[in-house]
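# Observations on chain architecture
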Amino acid sequence: MRTKKPEIHLGLEGIYMAETSICSVNGIEGKLYYRGYSIEELAKHSDFEEVCFLLLNGYLPKEKEFLSFKDALVKERDLDPEVLQVITDTAGKGLPMDVLRTAVSLSAIYDPDVKDNSKEANMRKSIRLISKISSIVAAIGRVRDGEEYVRPEKKLGHVENFLYMLNGEKPSESERRMLDIMFVLHAEHSSNASTFSTIVTGATLSDIYSAITSGIGTLKGPLHGGADEAALRMMRAIGKPENTVKYINDALAGKQRIMGFGHRVYKAYDPRARIIRGYLEELREHASPEVENLTAIALEAEKLMIKKLGKAKGIWPNVDFFSGPVYTHIGIPSSLFTPLFAASRVPGWCAHMLEYWENNRLIRPLEYYTGKTNVKYISMTKR
Ligand SMILES: CC(C)(COP(=O)(O)OP(=O)(O)OC[C@H]1O[C@@H](n2cnc3c(N)ncnc32)[C@H](O)[C@@H]1OP(=O)(O)O)[C@@H](O)C(=O)NCCC(=O)NCCS
C-alpha cells in the first residue's frame, strides 16, 4: 500500500541534522565563523595549528597548551613504512585522491589506538590524522614527480614542513604564510558533503579512520573538493584574458557549470573567496607571467559571472575559484589541489566526529518508493 507522498528534500537541502558549536555559515550575508571567530579574524591573526586546536577543543589555547599541541602534531608527522611503500608503489600511476584515500585507510592498521574508541583515543587519532595526512599528500607529490620521500623536519611548523616535504627545501616566508592562510580557510565548513559523509560513517560507531576515509572519497567529486582543479583547468583552457567572455558565454549557453561558482548555502560572495581574491591581488606584483595571466582571466570571469548570475541567481565565486592561481604561485601542482583541500579539512572532519559522538544517533533517512509492488516471480526459462 502506498503512503501519501511526503515532501522530499533532494540533496537533503534545508534539513537540520544536529546542533553544533563548531562552525556557522550565514549564506545570505556571506559570513563564516569557526567557534564564533570570524574567518577574516582567523585568517589575519591565527595560523593552521591554532585553528586545529580551536576546532578540536572549542577555545583558543594558552601558550603552554599550544606548545604541547604543536609538539604532539610534530611527533606524528613521519609515515609508517608500510604506508610509504603503498604510496611509492601507486602514486606514479593512481589518481592522487585515490592514493590518499587508500593511504589514510591503510594507516588505521598501524595506529596503536585503532581499537580504542574512547574520547581521549579519538583526540589522539585526530591529531595523528591531521599530522600524517599532510605528510601523505607531500609524499604523493614527491613520488609523482619521480623524487624520493623527504622525511619531516621537527623544527618547522605544520605548513612550512608540508612545503619542505613536498619540495625538499624550506619555503619563503610569504609562501609559507599564504599556504597557511589557505589551510585556515579550508579547515572547516559545517555540514558540507564530505563532513556529512564522515559523520554518517562515524555514526554507525565505526571508527575515525573509516569516517575520514569516507570524507576523502566524498571530497574527491568535482561538485565539492575537485572544483578548484577544474576551475584552474578552465582558466588554462581560456588561455588569454580576452578569450574569457566568449568562453564563459559559450559554456553557459551550452548549460555547462562554471567551476568555482555557486554554493548550496552561500547565495552571496563566499567570504573565503573574498579573502583569497585579496591575496591574489596583492601577489600580482611579484607573480610569474603565468600566474599574472591566470589572475587576469579569473578576474575577467568573475566580473562577467557576477553580472550574469550574481544577483540574478545568487551564484557568486566560491572558495575554489581563486585558489588555483594562488596554489600555482606557491608552486603546488594542480593534481595536488584536492588532496591539499583534504589535508586542510581534517581538523573540521575530526571536530565534527568528536562532537557528534557526544550525542550519537545512527543516520538513516527514508526514501519514498515509486516502483512496482507484488510482482510475480517468473522463472528464468520463462522470462
Ligand atoms: C556547488 C553547487 C553544486 C551547488 O548547487 P545547488 O545548490 O545544488 O544549485 P543547483 O544545482 O540547484 O543550481 C541552481 C541553478 O544555478 C545554476 N548553477 C549553479 N551553479 C552554477 C555554476 N557554477 N555555473 C553555472 N550555473 C550554475 C544551475 O544550473 C541551476 O540553474 P537552473 O535553475 O536554471 O536550472 C553548484 O553551484 C555547482 O555545481 N557549482 C560548480 C562546482 C563548484 O564550484 N563546487 C564547489 C562548491 S564549494
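As the structure is a computational prediction, the values presented were derived from the model and not from experiment.

Rules of the game
Counting restarts for each chain: residues are numbered from 1 in the order of the written sequence. A pLDDT threshold of at least 70 governs which residues receive local features in this predicted model, and a stricter bar of 80 or more applies before side-chain atom pairs are shown or counted, although totals over entire chains, interfaces and linings include all residues. Segments assigned H or I by DSSP are reported as helices when at least four residues long, segments assigned E as strands when at least two residues long, and all are numbered from the N terminus. Each radius of gyration is computed over the set of C-alpha atoms, and the globule rule expresses the reference value as 2.2 Å times the number of residues to the power 0.38. Note on contacts: each residue gets a C-beta atom placed from the backbone, and two residues are in contact if those atoms are within 7 Å. Here a residue counts as buried when 20 or more other C-beta atoms sit within 10 Å of its C-beta, as exposed when there are 12 or fewer, and as partly exposed otherwise, the C-beta atoms being derived from the backbone. In this scheme, a helix's expected span is set at 1.5 Å multiplied by one less than its residue total. Per the annotation, domain bounds derive from an automatic or database assignment of domains. Three residue categories are used. Nonpolar comprises Ala, Val, Leu, Ile, Met, Phe, Trp, Tyr, Cys and Pro, charged comprises Asp, Glu, Lys and Arg, and polar comprises the others, including Gly. Working rule for contacts: place C-beta from the backbone, and if it is within 6 Å of a molecule or strand, that residue counts as near it. Connectivity within a nonpolar core runs through C-beta atoms within 7 Å, and the core itself is a set of buried Ala, Val, Leu, Ile, Met, Phe, Trp, Tyr and Cys residues. Only strands that DSSP links by at least two bridges are regarded as paired with each other.

### Focus: the overall build of the chain
When its secondary structure is counted, the chain shows 16 helices and three strands. At 22 Å, the chain has a C-alpha radius of gyration in line with the 21 Å of a compact globule built from 383 residues. Dimensions of the chain along its principal axes, counting C-alpha atoms only, are 70 × 55 × 50 Å. Here the analysis covers contacts within the chain between residues at least 6 apart in sequence; of these, 76% occur between residues at least 24 apart.

### A look at unusual backbone geometry
Even without a glycine there, the phi angle at L12 is positive, about 55°. According to the C-beta neighbour criterion, L12 is partly exposed, with 14 such atoms within 10 Å. A positive phi angle, close to 50°, is found at N374, a residue other than glycine. Overall, the presence of 4 C-beta atoms within 10 Å leaves N374 in the exposed class.

### Focus: helix α5 (residues 96-107)
An ideal rise of 1.5 Å per residue puts 16 Å on twelve residues; α5 measures up with 16 Å between its terminal C-alpha atoms. Burial in α5 covers these residues: P96, M97, V99, L100, R101, A103, V104 and S107.

### A short note on the domain arrangement of the chain
With domains assigned, the chain is organised as domain 1 (16-223 + 332-357) and domain 2 (227-329). Look at where the C-alpha atoms of domain 1 and domain 2 centre, and you get two points 25 Å apart. Listed per partner, the contact involves 22 residues of domain 1 and 22 residues of domain 2. Among the elements that line the side of domain 1 that touches domain 2, the one with the most residues is helix α8 (residues 173-186), at five residues. Here the side of domain 1 that touches domain 2 is composed, by residue class, of 14 nonpolar, five polar and three charged.

### Points about the site of the ligand
In the vicinity of the ligand lie 16 residues, with A227, R257, F261, G262 and R264 positioned nearest. A per-class count over the shell around the ligand returns seven nonpolar, five polar and four charged.

### Topic: the nonpolar core
Counting residues in hydrophobic clusters, the biggest one holds 102 residues, and the most contacted among them are I87, L100, I136 and C350. The biggest single contributor to this core is helix α16 (residues 337-357), with twelve residues. Domain assignment of the residues forming this core places at least three in each of domain 1 (16-223 + 332-357) and domain 2 (227-329).

### Some points on the pairing of strand β2 (residues 31-34)
In β2, alternate side chains face the same way, and those of L32 and Y34 are buried while those of K31 and Y33 on the opposite face are not. Linking β2 back to strand β3 (residues 37-38) in an antiparallel pair, the connection comprises two residues, with R35 at a positive phi of about 50°.

### With respect to helix α11 (residues 227-238)
Note that an α-helix has 3.6 residues per turn; residues three or four places apart therefore point the same way. The end-to-end C-alpha distance of α11 is 16 Å, a good match for the 16 Å that twelve residues give at a rise of 1.5 Å each. Buried within α11 we find A227, D228, E229, A231, L232, M234, M235 and I238. On its buried face, α11 is in contact with α12 (244-253), α14 (289-313), α15 (323-330) and α16. G239 sits one or two positions beyond α11 and adopts a positive phi of about 85°.

### Quick notes on the sheet that holds β3
Pairing in this open sheet of three strands is antiparallel, and the strands run β1-β2-β3 from one edge to the other. Bordering the open sheet on either side are β1 (23-26) and β3, each of which pairs with just one other strand.

### With respect to the environment of N293
Relative to the helices and strands, N293 is located in helix α14. A C-alpha to C-alpha distance of 9.3 Å links N293 and R236, two positions 57 residues apart in sequence.

### A few points about the environment of M305
The topology assignment puts M305 in helix α14. The exposure class of M305 is buried, given the 21 C-beta atoms found within 10 Å.

### A word on the pairing of β1
Alternating residues of β1 divide into C23 and V25, all buried, and S24 and N26, none buried. Of the strand pairs in this sheet, β1 and β2 are connected by four bridges, and their pairing is antiparallel. Residue pairing for β2: S24 is matched across the bridge by Y33. Between β1 and β2, which follow one another and run antiparallel, lie four residues, and G30 among them has a positive phi close to 70°.

### Section: the environment of R142
Position of R142 relative to the elements: it lies in helix α6 (residues 119-144). In this structure R142 comes out as buried when scored by C-beta crowding, with 20 C-beta atoms within 10 Å. Residues contacting R142, with those up to four places away along its chain left out, are E147, E148, Y149, V150 and L166.

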